[in-house]
Amino acid sequence: MGYVLLMLATLSWSFVGILVKAASAAVDSTTITLARFAFGVLFLGLFLFIRDRSLQLRFDMKWIWIGAIGKCMNYFFENIAISIGYSYGNILVGPVQTVSLLLLSVVLLKDKVTPRGWFAAAMCVAGVLIISWNGVPLAELFSGGALTTLLFVISGIGATFHVLSQKLLIRDLDSGTMNFSIFFWASLVMLLPLPWQFEIKGAMTWTAWLALMLLGLITGLSFYWFSQALKKVAFPIAVIVSNTAVLFTILWGYLFYGDPVTTYIIGGAVLFTVGLVVLNLPSKRVRLQAAAEQGSIKL
């Protein structure tokens, strides 16, 4: 069951780009962001109520609000960038988030970064730069192509604060309550600019509605699926499998929207995927500790 949940989370993340692209043909980015949170809260709240027969909404912890605002930044700027660029462009968010989280961990949490960590960060940066360049002339790159990259960078920074909030909140809250609270307050935050930014771009077809609901389902349940999978699947395998979402994202963009797939895109994706895997794989010391705890060896 762990592998099923892992693949569900991985595949759901890979579909985000084409779903946002489909929804952006009908409504603006603010509405898409609000829908992702609102439907997410609905699906996650329903699941938690069926599971626990109760719901807990927290608002009294500052990192809930930091996480909510960070996730709003993540989705809002990601939605804008996808709507004006390629559907697979959000593959840049992951490596930006990784590098930003590494730097914030050093500054805020006083964590020490190993040489392996800096090497992984360098791989992520190199991958992002290659994808952003994509072989186009520099004049063309800076005239328009840099905008979508900048939007994805801002999105990745927002995602960083959401991940950091989860890292700190999980000490006191279970993952269901934590995400339900963050997504609930994030949906209210996105209500504030809606009256000034709401725009119907085209017909609200069943495709657009389905895209919005599926985005909400992914927002509400994918993090839970992944956390449950981690309890049953070896962490190194979970890291490798979850990062294949990048390749699926590129594939869906090509199949559904005919987005061009160049050697630069593939090469950059491979580079930062390797960086993400290298960074997240447990060190030898951690592997020995896990083995010792299971009684297989003694330290």
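Structural data are supplied above this passage.
Here the structure is a predicted model, which is why all the values come from computation and not from measurement.

K.L.:
When you look at unusual backbone geometry in this model, what are you seeing that I'm missing?
P.N.:
Peptide bonds are mostly trans, and most non-glycine residues show a negative phi. Phi at Arg53 is positive, roughly 60°, even though this residue is not glycine. Along the chain, the position of Arg53 falls in the loop between helix 3 (29-52) and helix 4 (62-84). Given a relative accessible area of 63%, Arg53 falls into the exposed group.

K.L.:
Any chance you could explain the side chain of Asn74 here in plain terms?
P.N.:
By the element assignment, Asn74 lies in helix 4. Taking relative accessible area as the criterion, Asn74 reaches 3% and is therefore assigned buried. For Asn74, the side chain forms a polar contact with the side chain of Lys71, separated by 2.9 Å.

K.L.:
Before we go on, may I ask you to explain the side chain of Ser222 in this structure?
P.N.:
With respect to the element layout, Ser222 can be found in helix 10 (residues 206-230). A distance of 2.9 Å separates a polar atom in the side chain of Ser222 from a polar atom in the side chain of Trp13.

K.L.:
Looking at this structure, I do not really get helix 2 (residues 16-24). What am I missing?
P.N.:
In an α-helix, one turn spans 3.6 residues, which is why side chains three or four residues apart end up on the same side. For helix 2, the tally of buried residues reaches nine of nine residues, placing the bulk of the element in the interior. Within the sequence span of helix 2, burial applies to Val16, Gly17, Ile18, Leu19, Val20, Lys21, Ala22, Ala23 and Ser24. Considering only its buried residues, helix 2 is in contact with helix 1 (2-14), helix 3, helix 4, helix 10 and helix 12 (245-257).

K.L.:
I'm lost on the packing of helix 2 against helix 4 in this one. Help?
P.N.:
Between two packed helices, what matters for the description is the angle formed by their axes and the separation of those axes. Two elements in contact, helix 2 and helix 4, have axes separated by 9 Å at closest approach and are oriented at 75°. Looking at the two axes, helix 2 sits roughly perpendicular to helix 4. Packed against helix 2, whose contacting residues are Val16, Gly17, Val20, Lys21 and Ser24, the element helix 4 presents Glu78, Asn79, Ile82, Ser83 and Ile84 at the interface. Each residue belonging to the contact of helix 2 with helix 4 can be placed in one class, and the counts come to four nonpolar, four polar and two charged.

K.L.:
How should I be thinking about helix 6 (residues 115-133) in this particular structure?
P.N.:
The terminal C-alpha atoms of helix 6 lie 27 Å apart, and with 19 residues this matches the ideal 27 Å at 1.5 Å per residue to within 8%. Here helix 6 has its buried residues at Gly117, Ala120, Ala121, Met123, Cys124, Gly127, Val128, Ile131 and Ser132. For helix 6, the buried positions fall inside an angular range of 165° around the axis, keeping them on one side. Of the exposed residues in helix 6, those oriented more than 90 degrees away from the buried face are Pro115 and Leu129. The positive-phi residue at the C-terminal boundary of helix 6 is Asn134, with phi of around 55°.

What counts, and where the lines are drawn
- Residues numbered from 1 in each chain as written.
- Predicted model: local features only at pLDDT ≥ 70, side-chain atom pairs only at ≥ 80, totals over all residues.
- Heavy atoms only, no water.
- Helix = DSSP H or I, 4+ residues; strand = E, 2+ residues; numbered from the N terminus.
- Buried < 20%, exposed > 50% of the residue type's maximum accessible area, 1.4 Å probe, protein only.
- Polar contact = N/O pair within 3.5 Å; in protein donor to acceptor, adjacent residues only side chain to side chain.
- Contact = heavy atoms within 4.5 Å.
- Axes fitted to C-alpha atoms, helices over the stretch in contact; angles between N-to-C directions.
- Parallel < 35°, antiparallel > 145°, perpendicular 65-115°, else oblique.
- Nonpolar A, V, L, I, M, F, W, Y, C, P; charged D, E, K, R; others polar.
- Expected span 1.5 Å × (residues − 1).
- Arc of directions from axis to C-beta.

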